Amino acid sequence: MLDQGAPPRQRTPQATGLGARLMRRKPVERLVAEGGQGDGGALRRSLGLWQLTMISIGATLGTGIFVVLGEAVPKAGPAVTLSFVIAGLTALFSALSYAELAGTIPVAGSSYSYAYATMGELIAWICGWCLVLEYGVSVAAVAVGWGEYLNELLDGTIGVTIPDALSAPPGDGGVFNLPALIVVLLAMAFLLGGARESARANTVMVVVKIAALVLFCAIGIQGFRSGNYEHFMPLGMAGVSAAGATLFFSYIGFDAASTAGEEARNAQRDLPRAIMLSLVIVTALYVLVAAVAVGAKPWQHFNDSEAALAQIMRDVTGQSFWGTLLAFCAVVAIASVVLTVLYGQTRILFAMSRDGLVPKVFGRVHPKTGAPRANTVIVSLFCGVLAAAIPLGQLADATSIGTLFAFALVNIAVVVLRRTRPAMPRTFRVPLSPVLPALGLGFCVWMMSSLSTVTWVVFGVWMAAGLVFYFVYGHRRSRLATPES
């Protein structure tokens, strides 16, 4: 449990000015004590190590391989495998910091709560606002790819596809991406049933997606041509880093696991284990599948395909059956990413609502299911509409920049907490601190610098809107602003 020493004195708005109010911290003890408590009920602690690991893998495995591989290969060429490794290393350094903080502060808010305990309310708000971008846009990005594989499945089974007007967003030749909206609404239906039921459904889908990727490797290797790896890095290191930045949003699964801190039976023990175990499994599979895919198909022929693996299976075997089977598995697999990432988004807003920084509706818990129902419906509808209206490439890059910014703050937070609360018991400790957190921070900054100017402009507008909302609403309604706090 937490150390018995007195926490740092909490600054109050009555005794300090604006600057100090923006830096007010929420004591770790209070964060943990409030864990699971919502408006009208409490979240249920029903998840063990297995379920937490499956949530991590469910939110991670599939996104970069099934959906964004076709976006990343044209940027890096055969060196896309190196892009996966770089993105994985960046995630690893941040995952170490996440693992320490998740075991020390096992709450639903993830990096938002870690920042609140270490760097103050304004930084916590910025981090939480980045997480809203990270999770919400990620759900939309993955939902777009789900529609591509659904069309592959329909074409291979009944010989029809959904017309472009209803299966692609404006800007990609369509009017409204109906499949993307449908998969988000299906995930919403599962989440409304509660965390345990959602975790069970996710576990089944994770098993299907791992089997599908193993099957792809077994068949794809038969079409492997070493000549496809000539000119390994045709677009240079700039292309590798650009692809890595796009692919990085595929590694947010361990962050989703940390959002389950208030529904885990033994969060301090199981969260660090789930985070590290899932990242190792996912990175190994990503690199293996990417290597086989590029070996089986020249990189110039990917052409931004969002159903690349199914097409490779069909090309290698000369039969539509295997591509159709992989498309079916991908439909199931990508749905699990939508489910688990949408889950993480709702829990982030749940924690922010409890602190008073966003409206109370996001913190209401249904007494029968133990799930934040109104929160789930609002977030799902927002993400569904976003998925139906925005092209995949823009969504992926927007997700990456929000993720990288939040991860950078986590690497800082773990060092700050080591300095301010050195005696606090930790179930996991980042080795070689502060060196590894500094490397994690550096990698995040480097990959952010590889993103396009348009992505940075969108990020800047998003952050400006968030700051306006904070000063108009959150700053005044923060629970730390009340006298009793």
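Above this note sits the structure.
Residues numbered from 1 in each chain as written. Predicted model: local features only at pLDDT ≥ 70, side-chain atom pairs only at ≥ 80, totals over all residues. Heavy atoms only, no water.

A. Spatial organisation of the overall build of the protein chain. Of the regular secondary structure elements, the protein chain holds 20 helices and 2 strands. Taking 23 Å as the expected radius of gyration for a compact globule of 485 residues, we find that the protein chain reaches 22 Å, a close match to that expectation. Counting only C-alpha atoms, the protein chain reaches 70 × 45 × 40 Å along its principal axes. In the protein chain, buried positions account for 61% of the 485 residues. At a minimum sequence separation of 6, the contacts of the protein chain that also span at least 24 residues come to 84%. Just so you have it, the protein chain exposes about 17200 Å², and 66% of that area is on carbon and sulfur atoms. Considering the protein chain, the positive charge centre built from 33 side chains and the negative charge centre built from 25 side chains are found 13 Å apart. (Helix = DSSP H or I, 4+ residues; strand = E, 2+ residues; numbered from the N terminus. Rg over C-alpha atoms; globule rule 2.2 N^0.38 Å. Buried < 20%, exposed > 50% of the residue type's maximum accessible area, 1.4 Å probe, protein only. Contact = heavy atoms within 4.5 Å. Areas by Shrake-Rupley, 256 points an atom, 1.4 Å probe, with all protein chains shown as cover. Lys, Arg positive; Asp, Glu negative; His and termini not counted. Charge placed at Lys NZ, Arg CZ, Asp CG, Glu CD.)

B. View of the packing of aromatic side chains. Inspection of the entire model under this criterion finds 18 aromatic pairs. Judged by centre distance (6.3 Å) and plane angle (20°), the rings of Y229 and F232 are stacked. Among the residues examined, F232 registers a relative accessible area of 32% and is labelled partly exposed. Taking 6.2 Å as the distance between ring centres and 75° as the angle between the ring planes, the aromatic pair formed by F443 and W446 counts as edge-to-face. On the criterion of helical spacing, the pair formed by F443 and W446 is a turn pair, its members being 3 residues apart in helix α19 (residues 435-449). You can call F443 partly exposed: its relative accessible area is 22%. By relative accessible area, which is 32% here, W446 ends up partly exposed. Each residue in the set W125, W129, W462, F469, Y470, F471 and Y473 is aromatic and connected to the rest through ring pairs, giving one cluster. (Phe/Tyr/Trp six-rings, centres within 6.5 Å; stacked < 30°, edge-to-face > 60°.)

C. Examining helix α6 (residues 80-104) more closely. In this model, α6 (25 residues) spans 36 Å end to end at C-alpha, consistent with the 36 Å of a helix rising 1.5 Å per residue. Most of α6 sits inside the fold, with 21 of its 25 residues counted as buried. (Expected span 1.5 Å × (residues − 1).)

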